[in-house]
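Summary of structural features
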Amino acid sequence: MALSQAVVRDLRRIVGEQHVVDQPNDLRIFERDASITGATPDAIVLPGTRDEVVGVVKLAAQHGIPVVPRGAGTGLSGGAVTLRGGIALQLSRMRRILEIDTGSRTATVEPGAVNQDLQQEAARHGLFYAPDPSSQKACTLGGNAAENSGGPHCLYYGVTTNHIIGMEVVFADGSLAWLGGDAPDRLGLDLLGLMVGSEGTLCTITRIKVRLLPAPESIVTLMAAFPTIESASHAVSDVIGHGIVPAALEMMDQVTIGAVEAHYKAGYPTDAGAVLLVEVDGLDESAAELAAKVEEILRVNETSSLRVAEDAAERELLWAGRKGAIGALGRIKPNYYLHDGVVPRTRLPEVLRRVGEIGEHYRLPVANVFHAGDGNLHPNILFDMRDEGILEKVEAAGEEMLRAVVEMGGTLSGEHGIGIEKNAFMPWIYSPDDLDAMLRVKRVLDPEERLNPGKIFPDPEREPKLVARVGLASEARWW
Ligand SMILES: Cc1cc2nc3c(=O)[nH]c(=O)nc-3n(C[C@H](O)[C@H](O)[C@H](O)COP(=O)(O)OP(=O)(O)OC[C@H]3O[C@@H](n4cnc5c(N)ncnc54)[C@H](O)[C@@H]3O)c2cc1C
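Residues take numbers from 1 onward in each chain, read along the sequence in its written order. In view of the model being predicted, local features appear only for residues whose pLDDT reaches at least 70, and side-chain atom pairs are presented and counted only at 80 or more, with totals across whole chains, interfaces and linings using the full set of residues.

What follows covers the site of the ligand. As a rule, any residue with its backbone-derived C-beta atom within 6 Å of a molecule or strand is reported as near that molecule or strand. Around the ligand, a shell composed of 36 residues is seen, among which Gly71, Gly79, Gly142, Gly143 and Gly200 lie nearest. Only DSSP runs of H or I reaching four residues or more are called helices, and only runs of E reaching two or more are called strands; each is numbered from the N terminus. Among the elements of the structure, β3 (67-70), α5 (141-147) and β10 (204-211) are those that each provide at least two residues to the shell around the ligand. Counting residues per element, the shell around the ligand draws most heavily on α5, at 5 residues. What marks off one domain from the next here is an automatic or database domain assignment. Each of two domains, domain 1 (5-90) and domain 2 (97-214), supplies a minimum of three residues to the shell around the ligand.

Strand order in the open sheet formed by 4 strands is β1-β2-β4-β3, with mixed pairing between adjacent strands. In this open sheet, the two edge strands, each paired with only one partner strand, are β1 (20-21) and β3. Strands pair, by our definition, only if DSSP identifies at least two bridges between them. Pairing of strand β2 (residues 43-45) with strand β4 (residues 87-90) involves 3 bridges; the strand directions are parallel. Note on β4: the bridge partner recorded for Ile44 is Ala88.

Within β10, 6 of the 8 residues are buried, which leaves the element mostly enclosed by the surrounding structure. Looking at chain direction, strand β8 (residues 164-170) and β10 are connected through 6 bridges and run antiparallel. Its bridge partner lying in β10, Val169 is registered against Ile205. Exposure is read from a count of other C-beta atoms within 10 Å of each residue's own; the residue is exposed at 12 or fewer, buried at 20 or more and partly exposed in between. C-beta atoms are placed from the backbone.

Moving on to the sheet that holds strand β18 (residues 366-370). Here we have 7 strands laid out as an open sheet, ordered β15-β12-β14-β13-β18-β20-β16, and antiparallel in their pairing. Strands with a single pairing partner mark the edges of an open sheet, and in this sheet they are β15 (305-308) and β16 (335-338). Adjacent strand axes in the sheet meet at a mean angle of 20 degrees, parallel and antiparallel pairs treated alike. Both β16 and strand β20 (residues 379-383) contribute to a ladder of 4 bridges, which runs antiparallel. Residue pairing across strands places Tyr337 opposite Ile381, the latter belonging to β20. Contacts here follow a simple rule: the backbone-placed C-beta atoms of the two residues must lie within 7 Å. Here the axes come from fitting lines to C-alpha atoms, over the contacting stretch only for helices, and the angles between their N-to-C directions go from 0 to 180 degrees. Its contacts with the sheet place helix α9 (residues 254-264) against β13 (248-253), β14 (274-282) and β18, and it is angled at close to 90 degrees to β13.

This paragraph deals with the environment of Asp446. With respect to the helices and strands, the residue Asp446 is situated in the loop between α16 (432-445) and α17 (466-470). The exposure class of Asp446 is buried, given the 20 C-beta atoms found within 10 Å. With 98 residues separating them along the chain, Asp446 and Leu348 place their C-alpha atoms 39 Å apart. Excluding anything up to four places from it in sequence, Asp446 contacts Ala172, Leu202 and Leu451.

The next point concerns the confidence of the model for the protein chain. Detailed conclusions should not be drawn from predicted coordinates in areas where pLDDT is low. Summary of the metric used: pLDDT quantifies the predictor's per-residue confidence within the range 0 to 100. Here the protein chain averages 93 in pLDDT, and 96% of its residues register 70 or above. Note that residues 467-479 has pLDDT below 50 and, in this model, 21 contacts with residues that lie over four places away or in other chains.

In contact at an axis separation of 9 Å, helix α8 (residues 229-241) and helix α13 (residues 348-362) are set at 155 degrees when each is read in the N-to-C sense. By the angle between their directions, the pair α8 and α13 is classed as roughly antiparallel. Like other packed secondary-structure pairs, α8 and α13 cross with a definite hand, here right-handed. Only Leu348, Pro349 and Leu352 of α13 make contact with α8, whose side of the interface consists of Ile229, Glu230, Ser233 and Val236. Broken down by class, the residue content of the contact of α8 with α13 amounts to 5 nonpolar, 1 polar and 1 charged. For classification purposes, an angle smaller than 35 degrees is called roughly parallel, one larger than 145 roughly antiparallel, one from 65 to 115 roughly perpendicular, and anything else oblique. By definition, any crossing whose near helix is turned counterclockwise from its far helix by less than a right angle is left-handed, and any crossing with a clockwise turn is right-handed. Residues are grouped as follows: Ala, Val, Leu, Ile, Met, Phe, Trp, Tyr, Cys and Pro are nonpolar; Asp, Glu, Lys and Arg are charged; every other residue, Gly included, is polar.

Take a look at the structure:
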C-alpha cells in the first residue's frame, strides 16, 4: 500500500527532500537482503541523525506504518525485508566512527558504520575490534548488533554481544534510551543484552559503544588439507579436545576450495576433501608455541599438506579466499541459499554427511564453508533461479538440513538470525510457553507490532512455506 502524499511530504520534511525514495523502480533496489526472500517497501527513508530517526519513527507510529531498520542488507535470514511494506529505515548515512578512545579502549559509532572501516580505524591505534563477519567489507555495526553476528575470530573472542558496552536505541513509539554502561556488570535489567540480537524487532539502534582489544603481538595462520570432511572434522575436535581454542578455526569443503582457488589463487589444494584454516595469536612466544602444538595435532590427524603463512600478505590471501568464498561460488551457480545451523562439534561429520545426502536427493550442489571450531555449519545450496520449480526444491532441502541439525542436538542459527527464514521452525526448539515469554516482551515494547513485523516469531498470517509466503517465484525470471 503506497503511503499517502501527506505522509511522504512529512517524511521529506524530517530527513530532507532527497532522502525519501518512493518511486517504484527505486523501491525494488531495496526489496531484498542476501537471503532468498524479498518484498517491496512503500518508501525508503534515509535519516542522517538520531533526531531524524526519532522523527520518522514517531510519524510512522502516528499513522500505523511498519518500520524496518536496515543496514547494508547483507542479512541472510530476511531480517531487512519489508514483509508488510511500510518504511525501510536505511541507516547508511549514519556511518561515522564518532570516537576511538585509546585510554579506555572503546569506540563509539553510528549504526551505519561499516565493520571493516572500524577494524581499519582501530588498527591505526594498535587496537582491533574482534567480531569479523565474512561480510565485513559491507555489513554495518548496527546490523551486526541487531543480528548478534559472529565471524571467524568469534571462536576465541566471542560474538558481537560480548563486545558491546552500550547502545542508544529508539523504541517503536519514538522514545529514546541509552542502554548498558561502562561497568563490567550491567546494573538493573540487562536491556542491552535483550536488544542485541533482537533483529530490528524491538528497537532501532542509533549509536553503539564497543570494546576494542589490543592488537595481538603475533599471529600465526596455518592451512591444512585433509582427504575428507570427516578427517578434517576429527582434527577440529582434536585441537579443541587438547584444550586449545584458536582465534579462528574454519573449514571449506572440496566444492568451495575449487571455486575459491579458481578466483583467488590462494594456494588451496584443489584435490583435498577439506581445508582447515587455523589461526592462533598472542605474545610472540606463546603464539609460536601454540602454533607448534596445533601443527603437531593436525599432523597426527594425517593432514595431507600443511602450510604456515610466512607473512601478513600470505595470511591475508588465505583469508581473502575464505571471506570471499560465498561470492566465488557464483562461478558454479548464479544463486545460493546459505543455511546456518549449529551442532555439538563432535557431530559435525555426521551432520555434514546428512547434508550431502540431502543435496544428492534433491540433485542440488551443496558447498560447505563454515566456522568449524564452534560447530556452526553453513551448507550453501547452489542453484539457478531460472530453473523451473527450483525454489521449492531448494527450500525443501534447506528445511531437511535444518531438521537434521536439530535432531542432532543442534539449533536453528549460529549467527544469521531467524528473520523470516526460520520463524516457522521456532516451535522445533521452543515450547509454546518459551515463545509466549518472548512475545510478551515484544508486545510491551511494540504493542502494535509495527517494528519489523512478521519476523522471528511464527507468523499465523502466512503460509508455512517460504517461497509461497513471499511470492518470489513470480520474480525469478529477472532476479
Ligand atoms: C557473503 C556473506 C558472508 C556473511 N558472513 C557472516 C558471518 O561470518 N557471520 C555472521 O554473523 N553473519 C554473516 N553474514 C550475514 C550478515 O552479513 C550479518 O547478519 C550482518 O550483521 C548484517 O548486517 P547488515 O548491516 O547488512 O544488516 P541488514 O541485513 O541490513 O539487517 C539485518 C537485520 O538487522 C536489523 N538492523 C539493521 N540495522 C539496524 C539498526 N540500526 N537497528 C536495529 N536493527 C537493525 C534489520 O532490521 C535486520 O533484521 C554474511 C552475509 C553474507 C552475504
